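Descriptive analysis of the structure
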Amino acid sequence: MKDKKLLVLTVLFGIIMFAVGGYWALSSQKVSADVSCTSTTAKVSVIGVAKQEVTPDRAVITVNVVGEDKDANKAMEVMKENAQYVLDIAKTYTDEKYITTTGLSLRQSGHWEKDKYIYDKFVASEVIKIDVEVDRVGELTGKITADRAENVRLSGISFYYTKADEVRKNLLEKAILDAKDNAVRLVKPLGAEHISLISVSYGSYAPILMDNDMRYGAAKGENEVPISAGSQTISVQVSAVFEAGPVCASIDK
């Protein structure tokens, strides 16, 4: 009889301890989950962008000078004469250090006759680049192409802003602040109370964007080519990684 009572007490004690242990385990899991949740942090990667519109103050005029003749030496002489003509005019509009000559070449030109290519003449050419203030571009291009369109050909004009690097450096501060704002907007709805910067990178300059099409053209004898530099947009972009916390959002099941 005593053994039976002892057995019953042992079983009851075991059940009570099991229940207490289970309750403790569940409570511990809840507390642990709560602690884990409140201490959770999250990493967020964002991009920050800053832009500024500028008006170009200088331009690079590219001129292709050619000379053609059946004799190679004569073709070179014609080309050199026209190149000197362009250089002499360019020096009255900009400093000599802003004038460069490249791409000197001499080739033969001809035509096909049945299945045979016939060489007719030699073509000598050279590229002259002239860096000049924007407000002098129209007059300069008009002068160098007005009377020698056959030998002096305008290949293109590109514009740039001399203080572009300074603008980009000033935009860096705005770009990182934009990245910070983007990070806050991403994690604030999740209950984050603070963010801290982990890393930030700035690899290269974003391209300068043209806000309008630049058009130009000139008729023979025209003194000035109508050219507008328009405006350009300088853009800076940074990539940043922030750590946000605490981030704890319940998910509806």
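Predicted model only: the values in this text are computed from it and were never measured.

We now examine the confidence of the model for the protein. Across the protein, the average pLDDT comes to 81, with 73% of residues at or above 70. A low-confidence stretch, residues 15-35 (pLDDT under 50), is modelled with zero contacts involving residues beyond four sequence positions or located in other chains. Overall, residues 210-222 carries pLDDT values under 50, and its contacts beyond four positions in sequence, including any with other chains, amount to 31 contacts.

To summarise the sheet geometry, strands pair through backbone hydrogen bonds and adopt either a parallel or an antiparallel arrangement. In space, the four strands of this open sheet follow the order β3-β4-β2-β5, with antiparallel pairing throughout. Two strands close off the open sheet at either side, each with one partner strand: β3 (99-113) and β5 (152-160). Strand-to-strand twist across the sheet, computed as the mean angle between neighbouring axes with direction ignored, equals 20°. Looking at chain direction, strand β2 (residues 58-69) and strand β4 (residues 116-133) are connected through 12 bridges and run antiparallel. Directly across from aspartate 69, in β4, lies its bridge partner phenylalanine 122.

Running from N to C, helix α2 (residues 72-90) and helix α3 (residues 137-146) point in directions that differ by 155°, and their axes come no closer than 10 Å. Taken together, the axes of α2 and α3 are roughly antiparallel relative to one another. Between α2 and α3 the crossing geometry is right-handed. Counting all contacts with α2, which are made through Tyr85, Val86, Ile89 and Ala90, the residues of α3 involved are Leu140, Lys143 and Ile144. Here the contact of α2 with α3 is built from residues that sort into six nonpolar, no polar and one charged.

What counts and how
- Residues numbered from 1 in each chain as written.
- Predicted model: local features only at pLDDT ≥ 70, side-chain atom pairs only at ≥ 80, totals over all residues.
- Heavy atoms only, no water.
- pLDDT = per-residue confidence, 0-100.
- Contact = heavy atoms within 4.5 Å.
- Pairing = 2+ DSSP bridges.
- Helix = DSSP H or I, 4+ residues; strand = E, 2+ residues; numbered from the N terminus.
- Axes fitted to C-alpha atoms, helices over the stretch in contact; angles between N-to-C directions.
- Parallel < 35°, antiparallel > 145°, perpendicular 65-115°, else oblique.
- Left-handed = near helix turned anticlockwise from the far one by under 90°.
- Nonpolar A, V, L, I, M, F, W, Y, C, P; charged D, E, K, R; others polar.

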